Structure formats: structure tokens, C-alpha cells
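# Chains, contacts and geometry: an overview
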Amino acid sequence: MRYALLIHYPQPAVPTVSQDEIKAGMAAFQAYAKALEDAGVLQSAEVLQTIANATSVSVKQGKLQVQDGPFAETKEAFAGIFVLDVPDLDAALAWAERCPAAHWGTVEIRPSAVRFVDGAWTGAH
Amino acid sequence: MDRRALSETDAAARAEELARAAYGRLLAILAARDGDIEAAEDCLADAFERALRTWPETGVPDNPAAWLLTVARNRRHDLRRTAAERLTGPLDDAVRSAALAVVEELDPDAIPDRRLALLFVCAHPAIDPAVRTPLMLQAVLGFDAEQIARAFVVPGPTMAQRLVRAKRRIRDARIPFAVPDRDQMPARLGPVLEAIYGAYAIDFPLVAGLAPRESLAAESHYLAVTLAELLPDEPEALGLAGLISLSLARRPARETGGEFVTLDEQDASRWDPELIESGERYLRQARSLGQMGRFQIEAAIQSVHCARAVSGETDWRALLTLYEALLAIAPTLGARVAHAAVQGRVEGPAAGLAALDAIADVAVQRFQPAWATRAHLLAEGGRREEAVRAYERAISLTTDVAARRYLEGRCANVGAMD
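Now for a quick tour of the structure. (Residues numbered from 1 in each chain as written. Chains lettered and ligands numbered in written order. Predicted model: local features only at pLDDT ≥ 70, side-chain atom pairs only at ≥ 80, totals over all residues.)

On to the overall build of chain B. Looking only at helices and strands, one finds 20 helices and two strands in chain B. By residue count, 42% of the 418 residues in chain B fall in the buried class. Long-range pairs, those at least 24 residues apart, make up 65% of the contacts in chain B between residues at least 6 apart in sequence. (Helix = DSSP H or I, 4+ residues; strand = E, 2+ residues; numbered from the N terminus. Buried ≥ 20, exposed ≤ 12 C-beta atoms within 10 Å, placed from the backbone. Contact = placed C-beta atoms within 7 Å.)

Next comes the structure, spelled out in C-alpha cells:
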């Protein structure tokens with residue numbers, strides 16, 4: 001079963017994060033991703049740039065709208081994703097509670113519904 | 001000590017040595033007066049800084065702790081006086097010289113140790129349980145917020161903010177720097193013990209793959225031993241010092257070349273005999289007071305395990321009796337699972353499995369040790385297919401690399417026996 005761990009950080013992101021802390025955070029993410037990989041459960045991992053660099057696109061009433069910024073200003077913003085393949089929700093939870101991001105924001109666990117593989121949408125199991 | 005001139009590095013080394021040995025004692029004395037830990041920390045930091053500046057020229061004073069305390073307290077007086085002057089105008093000279101006279105040559109050895117009161121303040125019921133352990137590490141051992149944050153894997157500013165909030169609360173709510181009297185002691189000692197134990201038992205691999213595991217074990221050992229020395233008539237304080245000493249003693253044998261080694265398989269000759277001896281001493285002292293408690297039982301369990309270093313074998317029946325006693329007073333999930341494992345050892349795998357099945361707590365379904373224990377018991381009982389499934393479940397709940405590798409090895413062995 002595939003699960004996405006969605007990382008949400010409070011916005012605006014704390015501007016006063018020190019270099020040491022960024023270093024410590026990166027070390028923690030390195031170790032976390034390595035542990036996921038060693039356990040053979042990691043499918044993909046991606047950490048995103050801040051919403052300051054977001055561009056939103058929509059087509060409304062046939063009209064293309066390109067907006068500088070996120071699609072909505074919220075208290076928390078999406079910041080990264082880990083996709084895991086584990087037996088069940090308890091295993092996903094065990095990994096989510098170890099995610100360094102849980103200390104800075106929230107880690108949301110979402111079971112995958114379908115994914116696109118070899119030219120077709122298939123179930124996540 | 002002679003007052004010869006020192007190099008700056010010598011002075012720095014001496015100050016650092018003092019900081020380790022005397023920090024908590026000095027801070028407790030300074031903070032006890034008005035309950036302002038933050039101000040006391042600032043003044044003590046000033047005093048250490050001044051030591052680093054002046055000791056290279058003047059030499060280390062005869063009583064360096066007294067020197068530091070005097071400088072820190074003078075600084076505190078200065079700050080308080082400046083604040084008072086701002087409100088009421090200058091103090092007259094008579095008052096000022098009287099104030100200075102009082103603070104000359106304070107010998108911390110002649111002043112009662114206030115660290116005990118400080119520990120009770122840190123674990124006061126009005127302080128958030130989550131900040132009690134960090135507060136002790138800072139106030140008694142002098143760690144800065146950044147170091148504590150790293151140990152607890154939380155962002156530095158978050159930890160700093162929590163600590164500041166707790167210290168202001170202590171000052172503003174006037175939490176008294178006092179050792180509880182006999183009536184209150186049983187209720188108030190518990191949280192102090194929990195906070196010290198918390199530094200030892202902290203779920204370290206909070207971030208999977210990072211291995212700060214047990215990095216606070218030495219500090220919690222120091223706090224537990226300090227508490228036991230300050231409260232030699234409290235059996236549970238002695239029990240905790242015994243428990244931490246005895247578990248810490250086995251630390252060198254817990255890993256071999258990065259591989260996880262279970263207690264049963266550890267090479268007992270690698271255990272620390274001095275720590276075992278001091279742990280046994282605390283435990284004997286506790287027992288002589290004739291009042292059983294959770295930490296004493298846990299220490300006794302550790303003591304039975306450590307006895308293998310001498311006898312060459314483990315007395316599983318004694319362990320079963322101790323776990324039964326532990327469950328009667330502290331039936332935590334961890335204790336219940338450990339009890340089931342020991343019962344399986346003594347009465348056979350079926351009995352152990354029955355004990356596991358009897359755990360009603362729903363949390364057991366995602367409690368990794370319960371699944372690992374179940375898998376071992378099933379394998380031992382020859383129920384190999386079920387054992388493999390239980391191992392797989394245990395592995396899926398394990399985020400620690402070494403423990404995962406160990407379980408995968410066991411699982412493969414059981415599967416290969418067909």
C-alpha cells in the first residue's frame with residue numbers, strides 16, 4: 001500500500017532560522033531519507049521551495065489565469081512530499097512520527113488512490 | 001592552590017572544569033534568593049566570562065567557586081541597585097557599602113546545597129511536564145538551549161522559548177525554592193524522578209536514522225546520582241540511581257560493529273564493572289529502607305541481568321517474580337510486554353503468547369516490541385508461518401536501521417527452516 005506523507009509548514013516560514021539550524025535540519029532530513037531508503041520503503045521524496053516562488057495556473061470560463069503566488073493564502077503551506085510503500089497505516093504512522101518535519105510543522109498521511117504506471121492508471125496496492 | 005599566572009588556555013580549561021563541577025550549585029544559590037533563574041544565569045555567565053579575562057593575569061583564586069559566586073552575586077546586586085535607583089533615586093553610601101559587605105567572600109561550601117530545591121522547582125506541578133527535563137539540564141548542568149534542542153530533536157528557537165517561558169513562570173508565579181516536607185514528599189518526588197528518568201529513557205531515534213540514542217544517558221545518570229546523594233533516605237531516589245547505573249553499565253556491549261546485540265547475546269565481559277558496583281550499592285541502600293517502589297523493582301530487574309557477568313547465567317524465575325511485582329504497581333505497556341517475554345522464557349512460549357494476548361490496551365497493535373516478542377515466541381513454539389507474519393509486522397513498525405536488520409535476519413532464519 002502506498003502512502004504520501006505531506007509536509008505542511010506554518011506560513012510565513014520563520015525568517016530567523018540560523019545557519020546552524022538549517023544545517024541540523026538538513027542532516028536530519030538526510031538521515032531520515034536514508035533510513036527510509038535502507039528499509040526499502042521509499043518511493044520518492046521531494047522538498048519544495050517556498051510559496052514565494054509559486055506560480056498558480058487556472059482556466060476560468062475559457063480564460064487562462066496565471067497568478068504570481070500560491071493558489072490560496074493559508075496558515076500552513078505544502079512544503080514537501082515523501083511517498084512510501086508500506087504494509088498498512090500503522091507502518092506509515094511509525095515513519096511519519098519519525099519525520100523531522102513533524103517538529104516544524106505537520107505531517108499529513110494520505111493513502112494513495114491510483115497512480116500512473118506504464119501507460120495506465122492503476123490501483124495503489 | 002598557588003596564584004601563579006596562567007596561560008589563557010589553562011584559565012579556560014580551569015573555568016570549564018569548574019563550570020562542570022560547580023555550575024548547578026552556584027546557580028541554585030543565586031536563583032534561590034528571588035526565584036529568578038534567568039537573571040542568575042546571566043550573572044553567572046558574566047562571572048565565568050570575567051574569570052576567563054582575569055585569571056590568566058592574576059592566577060586562579062584559592063577558592064575559585066567562592067570567587068565566581070561573589071562576582072556573580074555582586075553583579076546581581078549591581079543590576080538590582082540600578083533598577084532600584086531608576087525607581088527611587090540613588091541609594092545613600094551607607095546602604096551601598098552595607099550591601100557590598102554582605103557579599104564579600106561567599107564560600108559555596110559553607111552555604112547549604114540548594115540544588116535539591118532547584119530540582120523540585122524544575123519539576124514543580126505548575127511546570128509543563130514536557131519542559132521539566134530540559135529545564136533540569138539547563139539549570140543544573142548548564143547546557144544551552146541549542147544543545148538541549150539538538151538532544152530532543154526540536155528546533156533551537158522553540159526550545160529556547162519553552163525554557164524562557166518556564167523560567168519566567170517560576171519567577172512570576174513565585175514557585176518556591178524549597179524542598180517539600182515529609183507530607184508532600186511522596187507526591188512531589190515522583191515528577192522529579194520521572195523527569196530525570198525521562199532524560200535516560202527518551203525515545204531517542206525520534207528522527208529515524210539519526211543516532212543520538214542515549215546521548216543524554218550520562219547526564220541523566222549525573223542527575224540521578226546527585227538526587228540520591230541529596231536524598232539518601234528516599235528509597236525511590238536511590239532506586240532510580242541504581243536503575244540508571246545498572247542499565248548504563250551494559251551500554252558498551254549493546255552494539256558490535258553497528259549491529260544491534262540483544263541483551264541475551266551481549267558479551268558480559270564488556271559491561272562496566274564499576275557502574276554495576278555503584279548501581280548495586282544504591283539498590284542495597286534503597287532496600288535497607290524497607291519500602292518497595294517502581295524504580296527499585298526496575299533496578300532489581302537490571303541487577304538480575306547484570307548478575308550474568310559473574311554467574312554466567314540469567315535467573316529467569318527471579319525476573320518473572322520481579323516483573324509480576326512491577327505490573328502490580330506500574331503496569332505500563334512496555335512492562336507488560338517484557339513480562340510476557342520473561343513468562344515465555346520460564347513457562348514456555350504458549351504461556352508468553354497467552355500473556356501477550358491478555359494485554360487489552362489497543363496501543364499494543366502498533367507497539368513494535370509487542371510484535372517482536374510475539375514473533376520470537378511463535379518461532380520458539382515452532383509456529384513458523386505465524387512467526388514470519390509477526391516478524392514482518394514488527395519490521396514494518398521498526399524505523400531504526402540496526403534493529404530492522406536484526407529482525408530481518410531472525411525472520412529469514414525462521415522462514416528458511418522449512
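There's plenty left to go through after this.
The next point concerns the pairing of strand 1 (residues 2–10) of chain A. All names here are of chain A. In terms of strand pairing, strand 1 meets strand 5 (residues 76–85) through nine bridges, oriented antiparallel. In the strand pairing of strand 5, Arg 2 is matched with Asp 85. Pairing analysis gives six bridges linking strand 1 to strand 6 (residues 106–111), with the strands arranged antiparallel. In the strand pairing of strand 6, Leu 5 is matched with Ile 109. (Pairing = 2+ DSSP bridges.)

What sets the pattern is the α-helix's 3.6 residues per turn: residues three or four places apart point alike. Residue and element names in this part refer to chain B. Here helix 2 (residues 37–58) spans 30 Å end to end across 22 residues, near enough to the 32 Å set by a 1.5 Å rise per residue. Maximal helix bending in helix 2 amounts to about 35°, located at Leu 52; proline Pro 56 follows within four positions. If you check which residues of helix 2 are buried, you get Ile 37, Ala 40, Glu 41, Cys 43, Leu 44, Ala 47, Phe 48, Ala 51 and Trp 55. (Expected span 1.5 Å × (residues − 1). Bend = angle between axes of the 7 residues up to and from the residue.)

Next up on the list: the sheet that holds strand 1 of chain A. Residues and elements named next belong to chain A. Reading across the sheet, the four strands line up as 2-5-1-6 and stay open at both edges, with antiparallel pairing between neighbours. Either end of the sheet is taken by a strand with one partner, and the two such strands are strand 2 (42–47) and strand 6. Each strand of the sheet is rotated relative to its neighbour by a mean of 20°, with strand direction disregarded. In the packing of helix 1 (residues 19–38) onto the sheet, the strands contacted are strand 2 and strand 5, and the crossing angle to strand 2 comes to about 165°. The sheet contacts of helix 2 (residues 89–96) involve strand 1, strand 5 and strand 6, and relative to strand 6 the element is tilted by about 160°. (Axes fitted to C-alpha atoms, helices over the stretch in contact; angles between N-to-C directions.)

Here we take up the interface of chain B and chain A. Counting residues at the interface gives 18 residues for chain B and 22 residues for chain A. Looking at the side of chain B that touches chain A, the elements with two or more residues in it are helix 8 (156–172) and helix 20 (401–416) of chain B. Of the residues belonging to the side of chain B that touches chain A, the class tally is ten nonpolar, five polar and three charged. (Nonpolar A, V, L, I, M, F, W, Y, C, P; charged D, E, K, R; others polar.)

So, on to the packing of helix 6 (residues 129–141) of chain B against helix 9 (residues 185–201) of chain B. All names here are of chain B. Where helix 6 contacts helix 9, the axes come no closer than 9 Å and their chain directions differ by 80°. Here helix 9 runs roughly perpendicular to helix 6, going by the angle between their axes. Across the interface between the two elements, Arg 132, Thr 133, Met 136 and Leu 137 from helix 6 touch Pro 191, Ala 195, Gly 198 and Ala 199 from helix 9. Partitioning the contact of helix 6 with helix 9 into residue classes produces five nonpolar, two polar and one charged. (Parallel < 35°, antiparallel > 145°, perpendicular 65-115°, else oblique.)

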